[in-house]
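Each chain, written out:
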Amino acid sequence: GGAIMHGLFSWNSTCHGLLKVLGGSDPANIKEFQCRFASPVMPGDKLVTQFWRMGNPDKEGFEEVRFVTKIEGGKVCLSNGRAMMKCVGKKGSKL
């Protein structure tokens, strides 16, 4: 019941966070971003993203990053996340 956030909000905020933390906020450092919408997000929900660098950059320096975004203390809202990024951010950074 009630209003829900548009799915593109969780999609875009997760992409923006990954780009900020791992890609130095440079749009040229991301070439693929995909995930599955798993559950709705309500206005005011806090989103938490966990990500894992897979560690095998290609010839151009793009590395596969896997991620999942959850509602804090609740369900997964974006699952099966995958991005191809040039990771220039600090290791061990939090999103």
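Position numbers for residues start from 1 in each chain and track the written sequence from start to end. Per-residue local features are limited, in this predicted model, to residues with pLDDT of at least 70; the limit for side-chain atom pairs, both in listing and counting, is 80 or more; totals at the level of whole chains, interfaces and linings are taken over all residues. Values shown for side chains rest on all heavy atoms present in the structure; no hydrogens or waters enter the calculation.

Caption draft 1: Spatial organisation of the overall build of the protein. Secondary structure follows DSSP: runs of H or I at least 4 residues long count as helices, runs of E at least 2 residues long count as strands, and numbering of each begins at the N terminus. Check the secondary structure of the protein and you find one helix and four strands. For the protein, the N- to C-terminal ordering of α and β elements is α-β-β-β-β. Considered along the principal axes of its C-alpha atoms, the protein spans approximately 50 × 20 × 20 Å. A simple rule labels every residue: compare its accessible area, found with a 1.4 Å probe on the protein chains alone, to the largest value its type can have, and call it buried under 20%, exposed over 50%, or partly exposed in between. For the protein, the residues scored as buried account for 35% of the 95 residues in total. Whether two residues are in contact is decided by their heavy atoms: any pair within 4.5 Å suffices. Across the protein, every contact between residues at least 6 apart in sequence was considered, and the portion connecting residues at least 24 apart equals 61%. Residue exposure ignores everything except the shown protein chains as possible cover, and the areas themselves are Shrake-Rupley values with a 1.4 Å probe. Here the protein displays about 5900 Å² of accessible surface, and carbon together with sulfur accounts for 54% of that area.

Caption draft 2: Quick look at the nonpolar core. With 18 residues, the main nonpolar core has Leu18, Leu22, Ile30, Phe33, Phe51, Phe67 and Met85 as its most contacted residues. Contributions of two or more residues to this core are made by α1 (7-22), β1 (30-37), β3 (63-71) and β4 (76-85). Beyond its immediate chain neighbours, meaning those up to four positions away, Ile30 contacts Cys15, Leu19, Phe62, Ala83, Met84 and Met85. Residues grouped as a nonpolar core are buried Ala, Val, Leu, Ile, Met, Phe, Trp, Tyr and Cys residues, joined through side-chain atoms within 4.5 Å.

Caption draft 3: Up close: the environment of Glu32. Residue position: Glu32 is located in strand β1. Assessed through its relative accessible area of 33%, Glu32 is described here as partly exposed. Considering only alpha carbons, one finds Glu32 and Gly81, 49 residues apart in sequence, at a separation of 11 Å. Residue contacts for Glu32: discarding those within four places in its chain leaves Arg82, Ala83 and Met84. Any pair of nitrogen or oxygen atoms within 3.5 Å is treated as a polar contact; in protein, a donor-acceptor pairing is required on top of that, and neighbouring residues in sequence qualify only through side-chain atoms on both sides. Within the local environment of Glu32, its side chain forms a polar contact with the side chain of Arg82, the two groups lying 2.6 Å apart.

Caption draft 4: Region of interest: the sheet that holds strand β2 (residues 47-53). With antiparallel pairing, the four strands of this open sheet are ordered in space as β1-β4-β3-β2. Each edge of the open sheet is held by one strand with a lone partner, namely β1 and β2. This sheet shows a mean twist of 20 degrees between the axes of neighbouring strands, independent of strand direction. At least two bridges found by DSSP between two strands is the condition for calling them paired. Judged from the seven bridges that link them, β2 and β3 form a sheet pairing that is antiparallel. Paired with Val48 across the two strands is Lys70, which belongs to β3. Axis definition: a line fit to C-alpha positions, over the contact stretch in the case of helices; interaxial angles, taken between N-to-C directions, run 0 to 180 degrees.

Caption draft 5: Inspection of the packing of aromatic side chains at higher detail. Here a Phe, Tyr or Trp ring, Trp counted by its six-membered ring, pairs with any other such ring whose centre lies within 6.5 Å, and the pair is stacked when the planes are under 30 degrees apart, edge-to-face when over 60, and tilted otherwise. Per the stated rule, a full pass over the model turns up three aromatic pairs. Here the aromatic rings of Trp11 and Phe33 are separated by 5.1 Å at their centres, their planes lie at 85 degrees, and the arrangement is edge-to-face. Taken as a pair, Trp11 in helix α1 and Phe33 in strand β1 lie far apart in primary sequence, 22 residues in all. Relative to Phe37, the ring of Trp11 lies with its centre 5.8 Å away and its plane at 35 degrees, an arrangement referred to as tilted. Remark: Phe37 occurs in strand β1 and Trp11 occurs in helix α1; sequence separation between them is 26 residues. Taking relative accessible area as the criterion, Trp11 reaches 22% and is therefore assigned partly exposed. On the accessibility criterion, Phe37 (45% relative accessible area) is partly exposed. Three or more aromatic residues joined by ring pairs form one cluster here, namely Trp11, Phe33, Phe37 and Phe67.

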